[in-house]
Amino acid sequence: MSLENHSALIEQLKSLIMEPDFQDIFEQLTADESNSTRFLLKMELNRISSLCTRLIDLRDKTELPCEEIVIANQKHFLDAPAKESLLQILPLYRNNYTLGVYEHVIKLHKRRRLRLREKVSDEDTNQENQFLVPGVVLGSYFNRSEERMNYSIRIMVSQQGLAEDNGVTLDLSVGGARIKLPLKHGFDQDKPLRVKLLELSDEYYLDDLQQGVDYQIVDIQNKDDSAIFRLKRLGGGGALDSLLSQLIRGHKFRYKVDVNDVIVTATGLGYERHYLPLLTHLPLFVSSVNNKPQITYELLSRSNQSIQHYFQDENEISQLPSLLNTSRLTQLINQAENNDHSYLFSFTYHANGKLHFYSATLAELKSTKNIHLFFGFASKKASWRVFKVITQVIDHSKSYKTSTLPGDDARYAALTEQQLAQFSHILQLIDLTNEEARKDYQCWFEQSDVNALKVFAQTKIKQQNIKKVSMPFSERRHEARFSFKTLITIQQGDKQTSGITHDISSRGLQIMLEKTANFDEPGAITLSFPRLQAAANTTNLSNLPYQLIRSRMNGLILHVSAIIGHSPHEGVTFLNKLIAHNKQKLEQLSDNEGQKKELADGMKNLLMRQLPGVPYFIEKTAKTAKMAYIGIGTTSDEISHLFAQDSDKLLQYNLMPLLKNNVLKQQIVDPLKLMKPTQDMTFFEVFIQLTRHPRGAVQIQCKLKSELINREQQIEFITQSKKAGRFMALRVYVGATDKPDMSYIRRELEYIHIHANHRAKQLEEQLWKVIGSGELLDITAEVEFRFPSVMTLT
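Residues numbered from 1 in each chain as written. Predicted model: local features only at pLDDT ≥ 70, side-chain atom pairs only at ≥ 80, totals over all residues. Heavy atoms only, no water.

Peer 1: Whenever I open this one, the overall build of the protein chain confuses me. Can you help?
Peer 2: In terms of regular secondary structure, the protein chain is built from 27 helices and 31 strands. Within the protein chain, the fraction of its 794 residues that count as buried is 51%. The long-range share in the protein chain, meaning contacts at least 24 apart out of those at least 6 apart in sequence, stands at 70%. For the protein chain, the exposed surface amounts to about 38400 Å²; the carbon and sulfur share of it is 48%. (Helix = DSSP H or I, 4+ residues; strand = E, 2+ residues; numbered from the N terminus. Buried < 20%, exposed > 50% of the residue type's maximum accessible area, 1.4 Å probe, protein only. Contact = heavy atoms within 4.5 Å. Areas by Shrake-Rupley, 256 points an atom, 1.4 Å probe, with all protein chains shown as cover.)

Here's what the structure looks like:
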């Protein structure tokens, strides 16, 4: 038995091998493997994680000067590229010199030397770099419950049996920290690290500070000549909690709040606003009705309504529930591993002013032995369609809402939460029809009695059963405003005044002043609620951080918004409770279809948990355009793994096999320049031959379908690919994007502007550069359906 076909899984497991819960992770990721394969996988992982005694000496094997590097009392002689690859791979094995580290360094050294021997020109190298595309994470929404602040103080760290070492903190929270130590620190990642916060112990007398506090080492990353430790606090009591919390709160506006998590999420949200309007797939939401699966909702975007319209009959009644009836839904859900239930074929027939629908799954055609007749006859109809259904089980333990800012309410309104909880599955209905392949399907035809196809006639649906929800492409969280008046004290620097609220929401206020205060806008202010303080009990409603967004009426009306840190904002928390407990009494000034928008937003969030393909984004450059990013979902996908094999960096993908030979310019960039955002996406198809080599490497040979000019050449390519290794086919969608939907990430941008203004501007500029988006979609099975000699009917 060989592990060549499991190289991607091994790469995934390598990054997790040193995790404390690795055994549980291993069990989950290898659940579908045989016992013998699991045994071999463990043997391989044990091999590469075992300590290595082999020295690396490149002094007579490189044209570059070598430097002596000492690891675990072993001396190695490495040139600069080898040293860099060593420092990159060591953290993966918790800074232990293992066989996996040795093999990684040697492999990259040999690859670099091979390129040098082949005298690869600078032009070729630049071309390769052009196709190294980073990934942007989509569908991952999180928020940190604890405030973390970029705060640098001197520290002394130690481990039992080792000498103390000096370092500094990079950021600090009540429960953790990031610290910087010398690269040659010698600390064991599996043992607790005792940290003395020197500057705090000088200023405050606390036993925990004098003796030092124990931290667990979460991970170590090497950067330049330093080691960056991420720590989780283990020791210390309530007194230390209180001190650190008070320290962070008191210095909130003197030091930078860490905003990396907000930037990552806001970036993903910004890019998904480019991708979703072009989405061609139709998301269908399944609920259990009388203990049977039934499609209850569909989520519409600008570009997927052609599928929805296809199933409208002469009375504008959707026949989708008949296509995906109870029997087919049950098969899809209960036999998710059987792809024959995931492919549907359809055509329509007009008679006596009525439209009749015929459809069959691949499983049904095989079982009735009608595949030749159905494919051959139906593909001659103008209404011929080929569909694929991707089934996604909804995990209700995860939050439905994109709660991205600390202090945000992690839940929608109760009714919205209830509606989302009723969905059990999401089906993505994908139209794979290709007009150019129609003649291929017609080659299936056999002379038979077409009346045999009557068994595939759909039962007519008499009334509309599926509710339509349009995807929200405007502001994501519009809060209802309520009329409410209370006294407010406002301060900005040495300017202070008071006013009366006109209306409130949980995060925003409109305030009326008696006279103009000439505050700087936009700018930070503090608000106090003197009359509400009496009802607030222990909640502090004084000197709370807000942002003056704008003023009207010559400065007499102020619009302010809460400045949300990484910890809950006490003003937001209090006003949330005030509104929730008094909704019947307060006059609501706006709604903006809030509940419907919430439902659509929640459905969109569920949809983004599993991407059907790999989105990509094209951005304009000074001269032309380039592939800027590909979208990486929260679940692993085969396409991105395939193009990650020739890249040594996390979230970087080498698309050269797909885009070289001018494919990027001729098939994507040039057509994109002629397209408008209102147009539907176009596509082209790529045939791929995957050949595995020793040690798991995969050679990728891509060929445009248009280059295989006839049916015989296409069949030959598929056949040869299967003999050499494996055949794969991709559909590459191309579409022009509109201007970025900045209103959707308005609150995130405001937050980032406050704490890291340059990074907010960088994100805005990045999103404005995007001119196109598309998707890489695996259509291997559908391509094989076109050719009777290729497709197996078993």
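Peer 1: Help me understand the pattern of salt bridges, please; the structure alone is not making it clear to me.
Peer 2: It is possible for side chains of opposite charge to pair when their charged atoms get near one another. Tallied over the full model, the rule gives 29 salt bridges. Its salt-bridge partner being Glu 314, residue Lys 460 comes within 3.2 Å of it at the nearest N-O pair. Taken together, the residues span a long stretch of sequence, with Lys 460 in the loop between helix 17 (438-442) and strand 16 (467-470) and Glu 314 in the loop between helix 11 (305-310) and helix 12 (320-323) at a distance of 146 residues. According to the relative accessible area criterion, Lys 460 is partly exposed, its value standing at 24%. Here Glu 314 falls in the partly exposed class, since its relative accessible area comes to 32%. (Salt bridge = Lys/Arg side-chain N within 4 Å of Asp/Glu carboxyl O.)

Peer 1: Would you mind showing me how to read helix 4 (residues 80-89) here?
Peer 2: Think of an α-helix as 3.6 residues a turn; residues three or four steps apart then line up on the same face. Every buried residue of helix 4 is listed here: Ala 82, Ser 85, Leu 86, Leu 87 and Ile 89. Between a side-chain oxygen at the N-terminus of helix 4 and the backbone nitrogen of Ala 82 the separation is 2.9 Å; the capping residue is Asp 79. (Polar contact = N/O pair within 3.5 Å; in protein donor to acceptor, adjacent residues only side chain to side chain.)

Peer 1: Any chance you could explain the sheet that holds strand 16 here in plain terms?
Peer 2: Sheet strands pair by backbone hydrogen bonding; their relative direction is either parallel or antiparallel. Read across the sheet, seven strands follow the order 13-12-14-15-10-11-16 without closing on themselves; strand pairing throughout is mixed. Bordering the open sheet on either side are strand 13 (354-361) and strand 16, each of which pairs with just one other strand. On average, each strand axis in the sheet is inclined to that of its neighbour by 30 degrees, with strand direction left out of account. Summarising the sheet, strand 12 (residues 343-351) and strand 14 (residues 385-393) pair through four bridges and their orientation is antiparallel. By the bridge assignment for strand 14, Phe 345 is matched with Val 386. Sheet contacts for helix 13 (residues 326-334): strand 10 (282-289), strand 11 (292-300), strand 12, strand 13, strand 14 and strand 15 (423-431); angle to strand 11, the most-contacted strand, approximately 90 degrees. (Pairing = 2+ DSSP bridges. Axes fitted to C-alpha atoms, helices over the stretch in contact; angles between N-to-C directions.)

Peer 1: Is there a simple way to think about unusual backbone geometry in this case?
Peer 2: With the exception of glycine, the majority of residues adopt a negative phi angle, and the majority of peptide bonds are in the trans configuration. The backbone phi angle of Lys 369 is positive, close to 60 degrees, even though this residue is not glycine. Position of Lys 369 among the secondary structure elements: in the loop between helix 14 (362-368) and helix 15 (371-378). Exposure remark for Lys 369: the relative accessible area of 72% places this residue in the exposed category. One non-glycine residue, Asn 543, lies in the positive phi region at around 50 degrees. With respect to the helices, strands and loops of the structure, Asn 543 is situated in the loop between helix 18 (530-533) and strand 22 (544-552).

Peer 1: Can you walk me through the side chain of Glu 417 in this structure?
Peer 2: Summarising the element assignment, Glu 417 is placed in helix 16 (residues 414-421). Each residue touching Glu 417, except ones within four places of it in the same chain, is listed here: Tyr 400, Arg 411 and Tyr 412.

Peer 1: Before we go on, may I ask you to explain the sheet that holds strand 30 (residues 726-736) in this structure?
Peer 2: With respect to topology, eight strands assemble into an open sheet ordered 27-3-26-25-31-30-28-29, the strand pairing being mixed. Edge positions in the open sheet fall to strand 27 (652-654) and strand 29 (698-704), since each of these has one partner strand only. Ignoring strand direction, the axes of neighbouring strands in this sheet form an average angle of 30 degrees. Seen against the sheet, helix 23 (residues 663-673) touches strand 25 (614-620), strand 26 (625-632), strand 28 (682-692), strand 29, strand 30 and strand 31 (770-778) and runs at an angle of roughly 30 degrees to strand 30. Sitting on the sheet, helix 24 (residues 711-724) touches strand 28, strand 29 and strand 30, and the angle it makes with strand 28 is about 35 degrees.

Peer 1: Please explain the packing of helix 4 against helix 5 (residues 99-117) as it appears in this structure.
Peer 2: A pair of packed helices can be characterised by two numbers: the angle between their axes and the separation between those axes. The contact between helix 4 and helix 5 brings their axes to 9 Å, and the two run at 145 degrees. When you trace helix 4 past helix 5, the crossing you get is right-handed. Contacts from Pro 81, Ala 82, Ser 85, Leu 86 and Ile 89 of helix 4 reach helix 5 at Val 101, His 104, Val 105, Leu 108 and Arg 112. Each residue belonging to the contact of helix 4 with helix 5 can be placed in one class, and the counts come to seven nonpolar, two polar and one charged. (Left-handed = near helix turned anticlockwise from the far one by under 90°. Nonpolar A, V, L, I, M, F, W, Y, C, P; charged D, E, K, R; others polar.)

Peer 1: I keep staring at the nonpolar core and nothing clicks. Help me out?
Peer 2: Taken as a class, soluble globular proteins show a tendency for nonpolar side chains to be buried jointly. Judged by nonpolar contacts, the single largest core of 73 residues is most densely connected at Leu 527 and Tyr 546. By size, the runner-up hydrophobic cluster in this structure holds 39 residues, among which are Tyr 343, Ile 390, Ile 715 and Ile 718. (Core = buried A, V, L, I, M, F, W, Y, C linked by side-chain atoms within 4.5 Å.)

Peer 1: Looking at this model, I keep getting lost on the packing of aromatic side chains. Mind explaining?
Peer 2: Geometry of an aromatic ring pair is reported as the spacing of the ring centres plus the angle between the planes. Evaluated as defined, the whole model comprises 25 aromatic pairs. On the basis of an interplanar angle of 75 degrees and a centroid distance of 5.8 Å, the ring pair of Phe 347 and Phe 377 is categorised as edge-to-face. Placement of the pair is Phe 347 in strand 12 and Phe 377 in helix 15, with a sequence separation of 30 residues. Clustering of aromatic rings is evident, with ring pairs tying together Tyr 343, Phe 345, Phe 375, Trp 384, Tyr 441, Trp 444 and Phe 785. Across the ring face of Tyr 744, the terminal group of Arg 273 is positioned such that the distance to the ring centre comes to 3.6 Å. In this structure, Arg 731 packs its charged tip against the face of Phe 683, placed 3.9 Å from the ring centre. (Phe/Tyr/Trp six-rings, centres within 6.5 Å; stacked < 30°, edge-to-face > 60°. Lys NZ or Arg CZ within 6 Å of the ring centre and 35° of its normal.)

Peer 1: Is there a simple way to explain helix 13 in this structure?
Peer 2: Among the residues of helix 13, those classed as buried are Arg 328, Leu 329 and Leu 332. Buried residues along helix 13 cover an arc of 100 degrees about the axis, so they all sit on one side. (Arc of directions from axis to C-beta.)

Peer 1: Just checking my understanding: could you explain the confidence of the model for the protein chain for this structure?
Peer 2: Caution applies to low-pLDDT regions: their predicted coordinates should not be interpreted in detail. Mean pLDDT over the protein chain works out to 84, with 88% of the residues at or above the 70 mark. Below a pLDDT of 50 lies the segment residues 120-125, which in the model reaches two contacts outside its immediate sequence neighbourhood of four places, other chains included. (pLDDT = per-residue confidence, 0-100.)

Peer 1: Is there a simple way to explain the packing of helix 10 (residues 260-275) against helix 25 (residues 746-755) in this structure?
Peer 2: Axis separation between helix 10 and helix 25 bottoms out at 10 Å; the angle between their running directions is 145 degrees. The two elements helix 10 and helix 25 cross, and the hand of that crossing is left-handed. Of helix 25, the residues touching helix 10 (which contributes Val 262, Ile 263, Ala 266 and Leu 269) are Glu 748, Tyr 751 and Ile 752. Here the residues of the contact of helix 10 with helix 25 sort into six nonpolar, no polar and one charged.

Peer 1: Can you help me understand the pairing of strand 1 (residues 67-71) in this one?
Peer 2: Along any regular strand, the residues point their side chains to alternate faces of the sheet. Sheet analysis places strand 1 next to strand 2 (residues 74-78), joined by five bridges and oriented antiparallel. Following the sheet pairing, Glu 67 is matched in strand 2 by Leu 78. Counting the residues that bridge the hairpin from strand 1 to strand 2 gives two residues, and of these Ala 72 lies at a positive phi of roughly 50 degrees.

Peer 1: Could you clarify how one ought to interpret the side chain of Asp 313 in this entry?
Peer 2: Secondary-structure assignment places Asp 313 in the loop between helix 11 and helix 12. A polar contact is formed between the side chain of Asp 313 and the backbone nitrogen of Asn 315, at a distance of 2.8 Å. A distance of 3.1 Å separates a polar atom in the side chain of Asp 313 from a polar atom in the side chain of Gln 319. Those residues in contact with Asp 313 that lie beyond four places of it in its chain are Gln 319, Leu 355, Phe 357, Lys 460 and Ile 461.

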